[in-house]
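# Chain and residue survey
Below are the chains, spelled out letter by letter.
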Amino acid sequence: MPPSVDSCLLVILGASGDLTSRKLLPALYERHVAGDLPAETRVLGVSRRPKSDREWREDLAASVQARVENFDRRRWDELAPRISYQAADAAKAASWGGISERIASATPGGECGNVLFFLAVGPELYTPIVAAIGESGLVSTERRACRDASIKGWRRIVVEKPFGTDEASAKALNRSLAAVFDEEEIYRIDHYLGKESVQGLLALRFANGIFEPIWNERYVDHVQITAAESIGVEDRVAFYDRTGAIRDMIQSHLLQILAFVAMEPPSVFAPDRLRAERRDILEAIQIPRKDELETTAALGQYGPGPDGVGYVATEGVAPGSTTETFAAMRIRFDNWRWAGTPFYLRTGKRLAAKHTEVVVQFKAPPTDLFRTLSNASGVPATGADRLVVEIAPRSRIRLRFLGRAPGASFSLHPIEMEADAGGRGGAAEPEAYGPLLIDAMRGDQSLFKDREEVEASWAAVDPLLGDGSEVLRHAIADNYVPGGWGPDAAHELLARDGRAWHV
Ligand SMILES: NC(=O)c1ccc[n+]([C@@H]2O[C@H](COP(=O)([O-])OP(=O)(O)OC[C@H]3O[C@@H](n4cnc5c(N)ncnc54)[C@H](OP(=O)(O)O)[C@@H]3O)[C@@H](O)[C@H]2O)c1
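Right, let's walk through the structure included here. All of these numbers come straight from a predicted model, not from anything done at the bench.

### Notes on helix 13 (residues 433–442)
For an α-helix, the turn length of 3.6 residues means that residues three or four places apart are oriented alike. With eight of its 10 residues buried, helix 13 lies for the most part within the structure. Within helix 13, the full set of buried residues consists of Y433, G434, L436, L437, I438, D439, A440 and M441. Summarising the contacts, the buried residues of helix 13 are in contact with strand 1 (9–13), helix 1 (18–34), strand 4 (115–119), strand 5 (155–159) and strand 6 (186–188). Backbone geometry just downstream of helix 13 places G443 in the positive-phi region, at approximately 80 degrees.

### Considering helix 2 (residues 53–67)
Between the first and last C-alpha of helix 2 there are 21 Å, a value that for 15 residues agrees with the 21 Å anticipated at 1.5 Å per step. Turning to helix 2, its buried residues number three or more, namely W56, L60, A61, S63 and V64.

### Focus on the pattern of salt bridges
Applying the stated criterion across every chain yields a total of 35 salt bridges. With its nearest N and O atoms 3.1 Å apart, the salt bridge here joins K51 to D59. Residue K51 is classed as partly exposed on the basis of its relative accessible area, which comes to 23%. As a salt-bridge pair, R75 and E78 come within 2.8 Å of each other at their nearest N and O atoms. Of the two residues, R75 and E78 are both situated in helix 3 (residues 73–79); the distance of three residues between them amounts to about one turn of the helix.

### Quick word on the packing of helix 1 against helix 2
At a closest axis distance of 9 Å, the pairing of helix 1 and helix 2 adopts a crossing angle of 80 degrees. As summarised for this structure, helix 1 and helix 2 are arranged roughly perpendicular, according to the angle between their axes. Counted together, T20, S21, R22, L25, P26 and Y29 of helix 1 and W56, L60, S63, V64 and R67 of helix 2 form the full contact between these two elements. Among the residues making up the contact of helix 1 with helix 2, the classes are represented as six nonpolar, three polar and two charged.

### Things to note about the environment of D497
Tracing the backbone through its elements, the reader meets D497 in the segment after helix 16 (488–495). As for D497 and P342, which are separated by 155 residues in sequence, their C-alpha atoms are 9.5 Å apart. The residues touching D497, leaving out its near neighbours within four places in the chain, are R330 and Y344. A distance of 3.0 Å separates a polar atom in the side chain of D497 from a polar atom in the side chain of R330. Side-chain polar atoms of D497 contact the side chain of Y344, separated by 2.5 Å.

### Looking at the sheet that holds strand 2 (residues 42–47)
On the basis of which strands lie adjacent, the open sheet formed by six strands has the order 3-2-1-4-5-6 and parallel pairing. Only two strands of the sheet have a single partner each, and these edge strands are strand 3 (83–87) and strand 6. Taken pair by pair, the neighbouring strands of this sheet meet at an average axis angle of 20 degrees, ignoring direction. The pairing of strand 1 with strand 2 spans five bridges and is classified as parallel. What sits directly across from I12, in strand 2, is G45.

### What to know about the site of the ligand
Taken together, 25 residues lie near the ligand, and D18, L19, R48, R49 and D89 sit nearest. A distance of 2.8 Å separates an oxygen atom of the ligand from a polar side-chain atom of R48. In isolation the ligand exposes 870 Å². Once the protein is present, 80% of that is buried. Top element by residues in the shell around the ligand is helix 1. It accounts for four residues. Tallied by class, the residues present in the shell around the ligand amount to 12 nonpolar, five polar and eight charged.

### Some words on the sheet that holds strand 13 (residues 396–404)
What the eight strands build is an open sheet, ordered 8-9-10-7-11-12-13-14; its pairing is mixed. Only two strands of the sheet have a single partner each, and these edge strands are strand 8 (297–300) and strand 14 (412–419). Each strand axis lies, on average, 15 degrees off the axis of its neighbour in the sheet, ignoring direction. Here six bridges tie strand 9 (residues 326–331) to strand 10 (residues 343–348), and the two strands are oriented antiparallel to one another. Considered in strand 10, the bridge of I331 is made with F343. Contacts between helix 10 (residues 244–262) and the sheet are confined to strand 7 (220–228), strand 8, strand 9, strand 10, strand 11 (355–362) and strand 12 (386–392), with strand 10 contributing the most and set at about 145 degrees to the helix. Taken strand by strand, helix 16 contacts strand 7, strand 8, strand 9 and strand 10, and its axis lies near 10 degrees from that of strand 9.

### A few points about the side chain of E455
Relative to the elements of secondary structure, E455 occurs in helix 14 (residues 451–465). Residue classification places E455 among the buried residues on the basis of a relative accessible area of 13%. A polar contact is formed between the side chain of E455 and the side chain of N174, at a distance of 2.9 Å. Look past the residues within four positions of E455 in its chain and what remains in contact with it is E167, K171 and N174.

Thresholds applied
- Residues numbered from 1 in each chain as written.
- Predicted model: local features only at pLDDT ≥ 70, side-chain atom pairs only at ≥ 80, totals over all residues.
- Heavy atoms only, no water.
- Buried < 20%, exposed > 50% of the residue type's maximum accessible area, 1.4 Å probe, protein only.
- Helix = DSSP H or I, 4+ residues; strand = E, 2+ residues; numbered from the N terminus.
- Contact = heavy atoms within 4.5 Å.
- Expected span 1.5 Å × (residues − 1).
- Salt bridge = Lys/Arg side-chain N within 4 Å of Asp/Glu carboxyl O.
- Axes fitted to C-alpha atoms, helices over the stretch in contact; angles between N-to-C directions.
- Parallel < 35°, antiparallel > 145°, perpendicular 65-115°, else oblique.
- Nonpolar A, V, L, I, M, F, W, Y, C, P; charged D, E, K, R; others polar.
- Polar contact = N/O pair within 3.5 Å; in protein donor to acceptor, adjacent residues only side chain to side chain.
- Pairing = 2+ DSSP bridges.
- Near = heavy atom within 4 Å.
- Areas by Shrake-Rupley, 256 points an atom, 1.4 Å probe, with all protein chains shown as cover.

Now the structure itself:
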């Protein structure tokens with residue numbers, strides 16, 4: 001039985017932003033309709049611009065209506081009165097007198113009730129806001145008093161990505177958080193882990209007996225993980241130009257998917273065991289040396305297409321920017337299960353399609369029995385059997401293998417089996433933030449990253465970001481055409497190993 005969901009006050013810091021209106025409130029509405037949200041749950045939004053409770057609720061209603069399927073005004077009207085707004089600069093300790101008063105009056109259970117902070121502001125504000133929360137006494141003083149009185153009164157904080165910009169800054173942020181919150185109160189969120197289709201990887205691997213015996217270097221030739229977007233940087237230019245594809249996608253989402261694909265089975269499906277296994281596999285990644293970078297990774301920037309300007313010519317992009325809009329890298333592990341099996345990660349903007357998938361390519365049989373057939377067997381050197389777990393836009397699993405082709409003489413042809421992995425018949429999944437918020441309210445950290453996990457994932461990509469990465473960046477401007485699958489260097493990365501990208 002999972003622990004029950006505690007009623008709490010959700011304090012969203014950065015309430016007037018995009019994340020809150022596009023993701024968090026639609027997610028809460030969906031959880032309310034699904035009956036997951038305790039009736040006493042309250043929401044307090046904090047950001048600087050002045051707004052009344054009524055104005056904020058109206059903004060949110062419009063945004064939720066635009067984003068959820070089958071919006072039901074009646075159900076929204078049940079939730080809306082529980083939502084309030086406070087205009088304040090959360091990074092200033094002086095603001096927290098007023099914020100604390102609102103928190104005390106809005107928290108179910110009063111001063112000793114449960115409070116879930118959500119950092120939905122730009123990452124440069126995480127440390128000052130956490131310090132201001134610390135100074136407010138909201139976390140330590142009251143919590144201690146409540147603990148002494150044996151009242152639950154938990155305080156937790158959800159921290160959005162980006163969690164730092166490299167290993168050193170992630171460590172510094174971890175230290176700032178640890179100065180105010182205990183590790184079991186910190187929820188480092190990656191909404192990819194809230195996606196049903198990503199969690200489906202765990203079910204596929206560990207709820208079945210047929211995959212694990214062959215899920216290793218002996219049978220798997222290589223694994224590909226792709227998260228492709230068809231859109232460009234759009235209105236996120238300022239953020240993107242100082243971030244890039246490695247920080248935005250690989251260090252977080254792709255390495256989390258990788259961890260689910262590559263980790264050892266935990267002995268039991270429990271938060272600390274799952275996190276320990278994810279951490280272990282990320283710590284087993286071989287960190288590329290500087291002299292290996294050119295054969296380990298490929299970066300790119302999209303050029304001008306028929307329908308628009310290229311990345312470097314986009315308004316707001318720094319002149320001569322070497323920020324990558326495409327990144328591919330090969331990962332090798334120092335562990336028994338995967339020694340010798342490379343994992344290839346790839347992500348980029350303005351690619352041929354919006355598409356996220358994991359491809360597990362199996363090895364060829366030990367010998368090609370059909371090699372003597374006059375019409376050639378067609379068994380490829382890397383094997384024909386391939387398991388594709390599609391995460392977006394549809395959640396489905398496809399298994400390809402060779403079978404006998406129709407006809408009088410014996411020959412082979414590929415056959416593919418397909419399953420609707422999500423069980424939703426192609427319909428959209430619920431907003432991934434919803435289940436994660438519910439997990440935070442029940443104190444389940446399974447799908448949140450711990451301190452070491454986040455530091456290990458930065459360590460894996462740091463060499464691609466630092467000074468030495470110039471070798472990958474010096475000629476990336478306009479090096480791939482929009483609508484394709486990235487720069488030549490990404491294809492060469494696999495071709496050098498005798499392989500090719502699945503799409
Ligand atoms: N948007 C997404 O889909 C998404 C996805 C994943 C991660 N994230 C991360 O989530 C965070 C928020 O993203 P976002 O897209 O929502 O950014 P955003 O649209 O810029 O919103 C941030 C909000 O923070 C408020 N703010 C700024 N300074 C503040 C302060 N001192 N005190 C209180 N509020 C303050 C601003 O409103 P005022 O000007 O009114 O204060 C602003 O609306 C970022 O770290 C981002 O990287 C976002």
